[in-house]
Amino acid sequence: MKHLLAIYSSQTGRTRALLEAACAGIGEFADEVELRLLPALQASLDDLLWADGLLLGTPENFGYMAGAVKDFLDRVYYPSEGRKLGMAYALLVSAGNDGSGAIRSIERIAAGCGWNRVAEPVVVKGVPDPASLERCRELGQTLAAGLACGVF
């Protein structure tokens, strides 16, 4: 059984909706992948060390990731240093602009952690529509399928 940690920050509910759609896709692999979904402020080093893969969900706040997601990354960075090299991760961004600042900031930290991005980030501008939620579901499927099959 593989383990997938999904963390997020959401004040308006939009990012939470993106994560729920992705988790629906992950759920299709429930026999092979155990999911742990947590708000970023509740996630811990133990959660990260438990995980074989990571799904991050963040709003774009002032052209950056949410403070709660940054807080999680700050708390786990040094204690996990060298312990999660090669871990698969994927990213969902609820954007008011283009999401690029949030993506860049997370990718820089992920590179420092030695994590491998396994799919293009999904950026959803404004209120999620059915097509956007489907893209999130597909991202969840991709991440879970890759973990289940040992591809990542």
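Further up the page is the structure itself.
The paragraphs below set out a description of the structure included in this document. (Residues numbered from 1 in each chain as written. Predicted model: local features only at pLDDT ≥ 70, side-chain atom pairs only at ≥ 80, totals over all residues. Heavy atoms only, no water.)

A closer look at the pattern of salt bridges
Oppositely charged side chains are able to pair whenever their charged atoms sit close together. Applying the stated criterion to the full structure yields eight salt bridges. The partner of E120 in a salt bridge is R117, with the nearest N and O atoms 2.8 Å apart. Overall, E120 belongs to the exposed group, its relative accessible area being 57%. Among the residues examined, R117 registers a relative accessible area of 34% and is labelled partly exposed. One continuous salt-bridge network, built from bridges that share partners, spans E28, E134 and R137. (Salt bridge = Lys/Arg side-chain N within 4 Å of Asp/Glu carboxyl O. Buried < 20%, exposed > 50% of the residue type's maximum accessible area, 1.4 Å probe, protein only.)

Here we look at helix α1 (residues 14–27)
Taking 1.5 Å per residue, 14 residues should reach 20 Å; α1 reaches 20 Å between its end C-alpha atoms and fits that length. Those residues of α1 lying buried are T15, L18, L19, A21, A22, C23, G25 and I26. Turning to α1, the residues buried within the fold contact β1 (2–8), β2 (33–39), β3 (53–59), β4 (88–95), β6 (122–125) and α5 (130–149). (Helix = DSSP H or I, 4+ residues; strand = E, 2+ residues; numbered from the N terminus. Expected span 1.5 Å × (residues − 1). Contact = heavy atoms within 4.5 Å.)

Overview of the pairing of β2
Examined bridge by bridge, β1 and β2 share seven bridges and lie parallel to one another. Residue pairing in the sheet places H3 in a bridge with E34 of β2. With α1 bridging β1 and the parallel β2, this β-α-β connection has right-handed handedness. (Pairing = 2+ DSSP bridges. Right-handed = clockwise from strand over helix to strand, strands pointing away.)

Focus on the side chain of S9
By the element assignment, S9 lies in the loop between β1 and α1. Contact partners of S9, with chain neighbours within four places excluded, come to T15, G57, T58, P59, A66, A68 and V69.

Note that every value here comes from positions in space, so none of it alone points to a role or purpose.
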